[in-house]
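Chain by chain, the residues run as shown.
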Amino acid sequence: MEYTAPMPDYAMLDDTDAASLAGFDLIIDVRSPGEYGEDHLPGAINLPVLSNEERVRVGTIYKQVSTFDARREGAALVTRNIGHHLETALAGLPRKSKILLYCWRGGMRSRSMALVLSAVGWKISLLRGGYRTWRREVVAQLEHSGAPLPFILIDGQTGTAKTAILLELATRGAQILDLEGLASHRGSAFGDFAAIPQPSQKRFETLIWEQLRGMDQTRPIYLEAESNMVGRRQVPARIWAAMKAAPRIAISAPVPARAQYLVEAYPDLVSDTAKLNASLDQLTSRHAKTLIAHWRALHAAGEYRELAGELITAHYDAAYNRAREHHGSDPVVTMRSETLDAAAIGELADAILAAKLKP
């Protein structure tokens, strides 16, 4: 009996709202791993039809030889890679699975995959316009939208456990937007995580929008008071504008308690002398060389709490005060705690919720 292949059949998707994306069992980004790593749709996995090197190779042929030769080479590579995905990542996928495919702009890469997968028998949709459709939504919502956001800021000098309080609020059912967590940076010269690089700017924005669009805009959203940069990532315009207009709850604690908290919250700086010295290098334009050398000596001697206390009083409190003068508004509520252990952090979270501030 002669085999007749079914005609390829796939639908087009125009919306990237949460409900539309939730209708798929699998979302596949067919772009190269480098493109996927820079940013991708929420929940998407990467099954590239061209690797990073293959994409460069095909592009070079396109520019230096001809369109025809580039397409022939690309078709051979794409076919081989799709076959590999069918034998590996897609081998156990149920027949009734609904799959969304996308590439950079909904062109040949995603259509090639769609032709094969729809012929196999899966229900396939293509995102019209590809990744650029998603990116336009993110930019529109985070850069150009002027819609208000119900933010309440958790503010306070360095070492007042703001991040820990924010996370504690989440355990009590509050909505939070943890910008430092999303940016993989603790927001200071000592704030980067050596083993975890910061996401790209595009990825940072996607992570923000992915969380924000799933929140109830009639309820408060708590977040930590930040500058408009978290490490090397810029806070999007709409978020920053809402933060500047939001009411602030300031956390206050004595320097010894804050120093103890910093030592516990930054264990990498306690254990990693090279990282500590690299962070101190960033302060050399603001402090005398003798003071920087003194701080290095404290770390070498294991005087971590004393080092943290001196950094608080000589550097961070002054920087905080300058920033708040520029901000130009007083906090709505100030909450004082003499300690910053787990119990105190829980009590502060309870007090914040009990205050029932309106955004």
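Scroll up for the structure.
What counts, and where the lines are drawn
Residues numbered from 1 in each chain as written. Predicted model: local features only at pLDDT ≥ 70, side-chain atom pairs only at ≥ 80, totals over all residues. Heavy atoms only, no water. Helix = DSSP H or I, 4+ residues; strand = E, 2+ residues; numbered from the N terminus. Buried < 20%, exposed > 50% of the residue type's maximum accessible area, 1.4 Å probe, protein only. Lys, Arg positive; Asp, Glu negative; His and termini not counted. Charge placed at Lys NZ, Arg CZ, Asp CG, Glu CD. Polar contact = N/O pair within 3.5 Å; in protein donor to acceptor, adjacent residues only side chain to side chain. Contact = heavy atoms within 4.5 Å. Axes fitted to C-alpha atoms, helices over the stretch in contact; angles between N-to-C directions. Parallel < 35°, antiparallel > 145°, perpendicular 65-115°, else oblique. Left-handed = near helix turned anticlockwise from the far one by under 90°. Nonpolar A, V, L, I, M, F, W, Y, C, P; charged D, E, K, R; others polar. Pairing = 2+ DSSP bridges. Patch = residues over 30% accessible without salt bridge, like charges linked within 9 Å, V, L, I, M, F, W, Y side chains within 5 Å. Areas by Shrake-Rupley, 256 points an atom, 1.4 Å probe, with all protein chains shown as cover. Salt bridge = Lys/Arg side-chain N within 4 Å of Asp/Glu carboxyl O. Phe/Tyr/Trp six-rings, centres within 6.5 Å; stacked < 30°, edge-to-face > 60°. Lys NZ or Arg CZ within 6 Å of the ring centre and 35° of its normal. Core = buried A, V, L, I, M, F, W, Y, C linked by side-chain atoms within 4.5 Å. Right-handed = clockwise from strand over helix to strand, strands pointing away.

**Q** Quick one: what's the story with the overall build of the protein, residue by residue and with numbers?
**A** For the protein, the helix and strand inventory stands at 16 helices and 12 strands. When the 359 residues of the protein are sorted by exposure, 45% land in the buried category. Between the mean site of the 41 positive side-chain charges and the mean site of the 41 negative ones, the protein shows a separation of 6 Å.

**Q** Account for the side chain of T133, with residues named and values stated.
**A** Structurally, the position occupied by T133 is in helix 6 (residues 131-144). We classify T133 as buried; its relative accessible area is 12%. Polar contacts involving the side chain of T133 include one to the side chain of R136, which spans 3.4 Å. Contacts of T133, omitting those with residues within four sequence positions, involve D14, T16, L127 and R128.

**Q** Outline the packing of helix 3 (residues 52-64) against helix 4 (residues 67-87), listing residues and values.
**A** Two elements in contact, helix 3 and helix 4, have axes whose closest approach is 7 Å; the angle formed by their N-to-C orientations is 160°. Between helix 3 and helix 4, the angle is such that the two are roughly antiparallel. Considering how the two elements wind past one another, helix 3 and helix 4 form a crossing that is right-handed. Contact residues: E54, R57, V58, I61 and Y62 in helix 3; T67, D69, A70, E73, G74, L77 and N81 in helix 4. A class-by-class count of the residues in the contact of helix 3 with helix 4 yields 5 nonpolar, 3 polar and 4 charged.

**Q** So what's going on with the sheet that holds strand 6 (residues 151-156)? Residues and values would help.
**A** Read across the open sheet, the 5 strands follow the order 7-8-6-11-12; overall the sheet is parallel. Where the open sheet ends on each side, the last strands, each with one partner, are strand 7 (175-176) and strand 12 (333-336). Where strand 6 meets strand 11 (residues 248-252), 4 bridges bridge the pair, whose relative direction is parallel. From the neighbouring strand, G156 faces strand 11, where its bridge partner is I251. The sheet strands contacting helix 10 (residues 237-245) are strand 6 and strand 8 (221-224), and the helix crosses strand 6 at an angle near 70°.

**Q** Got a sec to walk through unusual backbone geometry? Specific residues and values, please.
**A** Notably, A161 is not glycine yet its phi reads approximately 65°, a positive angle. Within the secondary structure layout, A161 lies in the loop between strand 6 and helix 7 (162-171). Using a relative accessible area of 1% as the deciding quantity, one classes A161 as buried. One non-glycine residue, K356, adopts positive backbone phi at about 50°.

**Q** Could you give me a rundown of the packing of helix 7 against helix 16 (residues 342-355), with the residues and numbers involved?
**A** To characterise two packed helices, one gives the angle between the axes of the helices and the distance between these axes. Contact geometry for helix 7 and helix 16: axes closest at 9 Å, N-to-C directions at 65°. Here helix 7 and helix 16 pass one another in a crossing that is right-handed. Contacts from A164, I165, E168 and L169 of helix 7 reach helix 16 at I345, G346, L348, A349, I352 and L353. For the contact of helix 7 with helix 16, the class distribution of residues is 8 nonpolar, 1 polar and 1 charged.

**Q** If you had to explain the pairing of strand 8 to someone new, which residues and values would you point to?
**A** By the alternation rule, side chains of strand 8 split into I221 and L223 and Y222 and E224, which are all buried. Across 4 bridges, the pairing between strand 6 and strand 8 is parallel. Paired with I154 across the two strands is E224, which belongs to strand 8. Where strand 7 meets strand 8, 2 bridges bridge the pair, whose relative direction is parallel. Bridging from a neighbouring strand, Q175 pairs with I221 of strand 8.

**Q** Give a detailed account of a nonpolar patch on the surface, specifying residues and quantitative values.
**A** A cluster of nonpolar side chains, L115, V116 and V120, forms an exposed patch at the surface whose accessible area comes to about 220 Å². You can call V120 partly exposed: its relative accessible area is 48%.

**Q** Please provide a residue-by-residue account of the packing of aromatic side chains, values included.
**A** In this structure the tally under the stated criterion is 1 aromatic pair. Here the basic side chain of R31 rests over the ring of Y131, its NZ or CZ set 4.5 Å away from the ring centre.

**Q** Please provide a residue-by-residue account of the nonpolar core, values included.
**A** Among the nonpolar cores identified, the biggest contains 36 residues, and F151, L177, L212 and I239 are the most heavily contacted of them. Of all the elements in the fold, those that place two or more residues in this core are strand 4 (98-102), helix 6, strand 6, helix 8 (179-183), helix 9 (201-212), strand 8 and helix 10. Among the elements that line this core, the one with the most residues is helix 9, at 5 residues. Those residues within four positions of L212 in sequence are excluded, and the remaining contacts are L142, L149, F151, Q217, I221 and I239. Ranked by size, the runner-up nonpolar core spans 22 residues in total, among them L50, I61, L117 and W122.

**Q** Quick rundown of the pairing of strand 2 (residues 26-29)? Include the residues and the values.
**A** Neither face of strand 2 is exposed, since L26 and I28 on one face and I27 and D29 on the opposite face are all buried. With 4 bridges connecting them, strand 2 and strand 4 associate as parallel partners. Opposite L26, over in strand 4, you have I99 as the bridge partner. Once the chain exits strand 2 it traverses helix 2 (residues 33-38) before rejoining the sheet at strand 3 (residues 45-46), and the crossover so formed is right-handed.

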